[in-house]
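The residues making up each chain are set out below.
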Amino acid sequence: MAGSERSSSAISASRQYAPYVEADWGFKNTWYPALFSHELAENGVKGVTMAGHDIVLRRSRGKVYALRDRCAHRGVKMSLRPMCLTAETLSCWYHGFTYGLDDGVLKTIVASPDDPLIGKVRIRTYPVVERAGIIFVFVGDEDFAPLPALEADMPIRITDDSNAVAHILDDNVYVRGIHRTGNSNWRLAVENGFDPGHLLIHWDNQIVAATDRKLGLGVEPIGEGAIKIIDEPDGPKGIMNMYNTRAYKFIMENKAVNMRARGKNSYYARTSMVLPGILLVEHWPIPGWAQYEWYVPTDDKHHEYWEILVGRCRNEEERREADYLYDNFLEPLGLRDFNDNDLFAREAMQNFYEQGDGWNREWLCAFDAATITWRKVAARFNRGIQEPPESYNR
Amino acid sequence: MAGSERSSSAISASRQYAPYVEADWGFKNTWYPALFSHELAENGVKGVTMAGHDIVLRRSRGKVYALRDRCAHRGVKMSLRPMCLTAETLSCWYHGFTYGLDDGVLKTIVASPDDPLIGKVRIRTYPVVERAGIIFVFVGDEDFAPLPALEADMPIRITDDSNAVAHILDDNVYVRGIHRTGNSNWRLAVENGFDPGHLLIHWDNQIVAATDRKLGLGVEPIGEGAIKIIDEPDGPKGIMNMYNTRAYKFIMENKAVNMRARGKNSYYARTSMVLPGILLVEHWPIPGWAQYEWYVPTDDKHHEYWEILVGRCRNEEERREADYLYDNFLEPLGLRDFNDNDLFAREAMQNFYEQGDGWNREWLCAFDAATITWRKVAARFNRGIQEPPESYNR
Amino acid sequence: MAGSERSSSAISASRQYAPYVEADWGFKNTWYPALFSHELAENGVKGVTMAGHDIVLRRSRGKVYALRDRCAHRGVKMSLRPMCLTAETLSCWYHGFTYGLDDGVLKTIVASPDDPLIGKVRIRTYPVVERAGIIFVFVGDEDFAPLPALEADMPIRITDDSNAVAHILDDNVYVRGIHRTGNSNWRLAVENGFDPGHLLIHWDNQIVAATDRKLGLGVEPIGEGAIKIIDEPDGPKGIMNMYNTRAYKFIMENKAVNMRARGKNSYYARTSMVLPGILLVEHWPIPGWAQYEWYVPTDDKHHEYWEILVGRCRNEEERREADYLYDNFLEPLGLRDFNDNDLFAREAMQNFYEQGDGWNREWLCAFDAATITWRKVAARFNRGIQEPPESYNR
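Each value, and the rule that gives it
Residues numbered from 1 in each chain as written. Chains lettered and ligands numbered in written order. Predicted model: local features only at pLDDT ≥ 70, side-chain atom pairs only at ≥ 80, totals over all residues. Heavy atoms only, no water. Helix = DSSP H or I, 4+ residues; strand = E, 2+ residues; numbered from the N terminus. Rg over C-alpha atoms; globule rule 2.2 N^0.38 Å. Buried < 20%, exposed > 50% of the residue type's maximum accessible area, 1.4 Å probe, protein only. Contact = heavy atoms within 4.5 Å. Areas by Shrake-Rupley, 256 points an atom, 1.4 Å probe, with all protein chains shown as cover. Least-squares fit on C-alpha atoms with pLDDT ≥ 70 in both. Phe/Tyr/Trp six-rings, centres within 6.5 Å; stacked < 30°, edge-to-face > 60°. Lys NZ or Arg CZ within 6 Å of the ring centre and 35° of its normal. Buried area = accessible area lost by both parts, 1.4 Å probe. Salt bridge = Lys/Arg side-chain N within 4 Å of Asp/Glu carboxyl O. Pairing = 2+ DSSP bridges. Axes fitted to C-alpha atoms, helices over the stretch in contact; angles between N-to-C directions. Parallel < 35°, antiparallel > 145°, perpendicular 65-115°, else oblique. Left-handed = near helix turned anticlockwise from the far one by under 90°. Nonpolar A, V, L, I, M, F, W, Y, C, P; charged D, E, K, R; others polar. Expected span 1.5 Å × (residues − 1). Bend = angle between axes of the 7 residues up to and from the residue. Polar contact = N/O pair within 3.5 Å; in protein donor to acceptor, adjacent residues only side chain to side chain. pLDDT = per-residue confidence, 0-100.

Turning to the overall build of chain A, a few remarks are in order. Secondary structure assignment for chain A yields seven helices and 21 strands. Taken over C-alpha atoms, the radius of gyration comes to 23 Å for chain A, in line with the 21 Å a tight globule of 394 residues would show. Seen along its three principal axes, the alpha-carbon backbone of chain A occupies a region of about 80 × 60 × 35 Å. For chain A, the residues scored as buried account for 61% of the 394 residues in total. Considering only intrachain contacts with a sequence separation of at least 6, the fraction spanning at least 24 residues in chain A is 63%. For chain A, the accessible surface area stands at approximately 14,900 Å², while carbon and sulfur atoms represent 48% of it.

Written out as structure tokens, the structure reads:
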């Protein structure tokens, strides 16, 4: 009987998605959410770190610009003490190195206006797109081309379903959410979010009780169709868990431990995960809504956890109703109380994988077919593995 | 004159007990105290780390079981969110991997009751013995055999003395104490506890003043009989400091610094240290009592400091008297105020030895004969040096 | 156009002052301020760390002695629990190893008065000089000879100026100041202190507004005479920024960002920096006064920031006036509020240089001629690069 020693079958499995195992710092050349629009007011300046890239964002005349957050002169972060002297530039607070917002070129040095470096030095810039109340930044190689459309790094638009949820980029949608720091590698967050077998940690959550939801103990894939691969031309790549009874057997009872699913209301909450790691849960937390999640790598041990709810909303009255629901039910019981358990679970895995050998020592079980498929798909479709920052950023 | 440079004589000395110098993570294949019995109620679950082993303890139907505290599936600690679904198993809170308490075998997965892993995967278990109000766990190699008796890893029973103190495993004894974290390697704690020359740090302690105890400045070994080796067949191994005037000269005065021992009451407090590092101080803190100490390695930089007092106690009335004494005198002035100084001293040594070369750079003096003898005995009689956890545990 | 990639010209520049780039732990064989005199009372004992050297200071009969702060026996810091048993010795609190204050020789062991180690073991001592209310210690190799005079490691005495400021070692001077920890390497502190282009961070400081001082935006060196090298025989080595209009063009306006110098009062505040890193700002914070700064390396990531003000003071009445000015104006608005910005700037540079490649990646500009000259002078005139402590101290 196999004990806790290293499993050679696990090692050979992990070789099948080796690029994924190597992506400690995330995938690159992809759009990541950086801030909510409301977090960056006109002339606001903020620094964020994504996949090891220190990036400073400034809004000027409504438009958001992103530059490398490290002055070329002595390497300080410009976001530490924002200094905006003109509408077209960002200045470093230390000696006044002043860079063009759109090209990163050194336009002047406040303390040395005739300096030979002016016009010759620049810092890199990052493409920015602002949609649905979120500022997205394209993180990766500066010379990556052509730039993919934002839609290519978003969940697919559901069309094959009369009861389809709205897409975040649709018109007439309500979009709200939160983001917060997770103390684990981004991949453990992705795998927790998509995992069809982790219902147990939500077993006694308030929102499950409040909605009298019939939450199974787990699922068992029973057909080839359990996991569908998403591979749209020029569009999202990823996988979809087909939660229907032809593809999955729903575990409603486990006699060995005398457990049985509770709740009366059973409804459909299909999940999908697309690169670089964006979860879509349809009809969650309540029917008609969708939950999006991003797990943006900060460094190799932390990620920024984005939780967004998307609903349909055609007019001001519906928006007021949605605000009421979001403020008093969906955020506190869904995004907070329910998802707090997911955050807890990822952080609990970190030590095992951080030591480097978790990928080879883990014992995956039947429902982990979804996780393994995700790893292979991610290993195949990513646009590059992010190198650690010491090799490009310091 | 020798300065602070490396001493070649110290290096050659340290080679005589090389296995001891290498035991950063402690000795293995030995009984260590894990918890007081009162710290683990029926169905209670707690995690402890000893010599780098993460261990989860559960009490079920009165009996205590110990398993590796790392689920085989994704490596989380089961003790983080205790889940007891049956009397014979411990379940992981994440996906419900459920292990047999006595064999560690995977009995079911709550979320996947027909999983092929069931019955094929297991986590290791640890032998447990509960005696004298303490839960002891045998830490080391899973296949170590035969298992030594708990008595072999305990101080010897004093028999050659009409005024002998009780043994902790005797009937009719009173046993109480505390345990707390020490921020030093376990060996520095052992050596501090046994050190016959460290009386100076207790010079002005309240319990010494309160008992008007005649505490010398130090001792000088004057005969071969100063240190006796303990080597019982199938029993404890260690050494005993024979604090009598034939073996040791008691330093009651140091004219160079004009210091003289204070106090009127002089009495016998013989000390011994047995493997894996258990101190016995007879007739301390007051005549008729004994103090036991364990310094259980947590990792290479921390130990769990156990301080236990053992007295004779034949009935409820004597127990009430002992409780009064313990609560109002022995613990606050003995285990706390007095021994706080020992904790301070070990932690002060940590930096010097942590850098790796303290064992070669130290200058040992006459009374350190006891320390050197301990090191040699420990190097000879231990049942194995604990490897760092990355090589077996992650 | 050069981007953020590594600059080969920067690398070849940094090779010109390679010993400076290697001096992570500071320069050795030099006088550093350890404590203010008032911080060490008679029989006071305090520990300090300078350039990685752990040093214990004791005052006995008025005189200050410095020894290595690590008992030869078990390596504990003696400063943790000061124990002074005689006027000529310092004792370790653990076992009473007692060292001569002036030679570091082991004079007795309290717990072992006849020990063979006595007279044979010693710890190293450090030369001490106490001047101008400051205790200076000579840090470096024990056998370095001959010992330089303290004056050689001090700013030069200004003589070529009818309006010269007082020298800290003069008679009839007023000397007060503070010291505090800076979380950056010492060199970043030196370079910040001397930097002629960093006026921008002081642009809106209260003391500048309060004195209506005409603070330029920066300077541009326009002649060979901008930076003068200080190389006194047996005296200080360093450089001086000649802030006059023949050597420097003062930037009073930058049209590209529409900034213009504020303030009406323009006056002379020449700066100089001598080894091992001592700043002198003449006529600062107000005319007639001088500010001295030391940036004493603690380890490779921290320095002790010393800020001293020196003024003339001939009698008690002038001292009372100076106290009033210092307490209510010069310290709070000068040493604190104004210099807090400098501390902030150094700490902001630390990450870039700590990663090791800042020295090669930085883009220095015109006014950084002063910094480059300082680096070359420091590389040339230092008395040795301090090795990391693991190679000599543990």
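That covers the picture; the talk isn't over yet.
Here we take up the relation of the copies chain B and chain C. Of the transformation superimposing chain B on chain C, the axial component is 0.1 Å and the angular component is 120°, with the fit at an RMSD of 0.1 Å. Expressed as a symmetry operation, the mapping of one chain copy onto the other fits a three-fold axis.

As enumerated under the stated definition, the model contains 58 aromatic pairs over all chains in all. One Lys or Arg, R346 of chain A, reaches over the ring of Y305 of chain A and ends 3.8 Å from the middle of that ring. For the cation-ring pair, R81 of chain B lies above F344 of chain A, with the distance from its terminal atom to the ring centre recorded as 4.1 Å.

This next bit is on the interface of chain B and chain A. Taken together, the 34 residues of chain B in the interface contact 42 residues of chain A. Both sides of the chain B and chain A interface together cover about 3,300 Å² of buried area, and 59% of this is carbon and sulfur. Linking chain B with chain A are three salt bridges, by the criterion used here. Between K249 of chain A and D114 of chain B there is a salt bridge, with the nearest N and O atoms lying 3.3 Å from each other.

Residue and element names in this part refer to chain A. Pairing is antiparallel in the open sheet, where four strands are placed in the order β2-β3-β4-β8. Bordering the open sheet on either side are β2 (45–50) and β8 (125–126), each of which pairs with just one other strand. Here six bridges tie strand β3 (residues 53–60) to strand β4 (residues 63–68), and the two strands are oriented antiparallel to one another. From the neighbouring strand, L57 faces β4, where its bridge partner is A66.

For any two helices packed against each other, the geometry comes down to the angle between their axes and how far apart the axes lie. Residues and elements named next belong to chain B. It is at 9 Å that the axes of helix α3 (residues 186–194) and helix α5 (residues 316–354) come closest, and there the two elements cross at 135°. Regarding the angle of α3 to α5, the classification is oblique. Like other packed secondary-structure pairs, α3 and α5 cross with a definite hand, here right-handed. Of the residues in α5, those in contact with L188, A189 and N192 of α3 are D342, A345, R346, M349, Q350 and Y353. Each residue belonging to the contact of α3 with α5 can be placed in one class, and the counts come to five nonpolar, two polar and two charged.

All right, on to helix α5 (residues 316–354) of chain A then. Helix length check: α5 of chain A, at 39 residues, gives a terminal C-alpha distance of 48 Å against a target of 57 Å (1.5 Å per residue), a shortfall beyond 12%. At L330 of chain A, α5 of chain A shows its maximal bend, which comes to roughly 55°, and the proline P332 of chain A appears one to four places after that position.

How big an interface is tends to be stated in terms of accessible area lost as the parts join. With 42 residues of chain B at the contact, the number on the chain C side is 34 residues. Interface of chain B and chain C: buried area, both sides summed, is about 3,300 Å²; carbon and sulfur atoms make up 59% of it. Put simply, chain B and chain C have 14 residue pairs in polar contact (both at pLDDT 80 or more) between them. Listing elements by their share of the side of chain B that touches chain C, those giving two or more residues are α3, β12 (218–221), β15 (248–251), β16 (253–254), α5 and α7 (369–381) of chain B.

This part covers the environment of W306 of chain C. Residue and element names in this part refer to chain C. Relative to the elements of secondary structure, W306 occurs in strand β21 (residues 303–312). C-alpha of W306 to C-alpha of G177: the two residues are 129 residues apart in sequence and 7.5 Å apart in space. Setting aside residues up to four positions removed in sequence, W306 forms contacts with P33, A34, L35, F36, I134, I178, H179, Y292, E293, W294 and V296.

For the rest of this paragraph, the subject is the pattern of salt bridges. The full count for this structure, using the stated rule, is 87 salt bridges over all chains. As a salt-bridge pair, R74 of chain B and E362 of chain A come within 3.8 Å of each other at their nearest N and O atoms. Separated into two different chains, R74 of chain B in the loop between β4 (63–68) and β5 (89–91) and E362 of chain A in the loop between α6 (358–361) and α7 (369–381) make up a pair that spans both. Overall, R74 of chain B belongs to the buried group, its relative accessible area being 4%. Salt-bridge contacts for R361 of chain B lead to D357 of chain B; the nearest nitrogen and oxygen are separated by 3.1 Å. Per residue, the accessibility class of R361 of chain B equals that of D357 of chain B, and both read buried. Each of the salt bridges in this network shares a partner with another, and the network as a whole consists of R74 of chain A together with E191, E362 and R375 of chain C.

Keep in mind that most residues, glycine aside, have a negative phi and that most peptide bonds are trans. With an omega of 0°, the peptide bond running from L275 of chain A to P276 of chain A counts as cis. Along the chain, P276 of chain A falls in the loop between β18 (271–274) and β19 (278–282). Of note, the phi angle at R61 of chain C is positive, near 50°, even though the residue is not glycine. Inspection of the secondary structure puts R61 of chain C in the loop between β3 (53–60) and β4 (63–68).

Moving on to the pairing of strand β11 (residues 173–182) of chain C. Residues and elements named next belong to chain C. β11 sits mainly inside the fold: seven of its ten residues count as buried. With ten bridges connecting them, β11 and β21 associate as antiparallel partners. For V175, the partnering residue across the bridge sits in β21 and is V310.

Turning our eyes to something else, we now look at the confidence of the model for chain A. For chain A, per-residue confidence averages 93 on the pLDDT scale, and residues scoring 70 or more make up 96% of the total. Taken together, the stretch residues 1–6 of chain A has pLDDT below 50 and engages in 19 contacts with residues farther than four places along the chain or on a different chain.

Residues and elements named next belong to chain B. If you trace the three strands from one edge of the open sheet to the other, you get β5-β6-β7, paired in antiparallel fashion. Each edge of the sheet is formed by a strand with only one pairing partner; in this case those strands are β5 and β7 (106–109). Shown here is a sheet whose adjacent strand axes are inclined to one another by a mean of 25°, direction ignored. As paired strands, strand β6 (residues 97–100) and β7 are joined by three bridges and run antiparallel to one another. From the neighbouring strand, F97 faces β7, where its bridge partner is I109.

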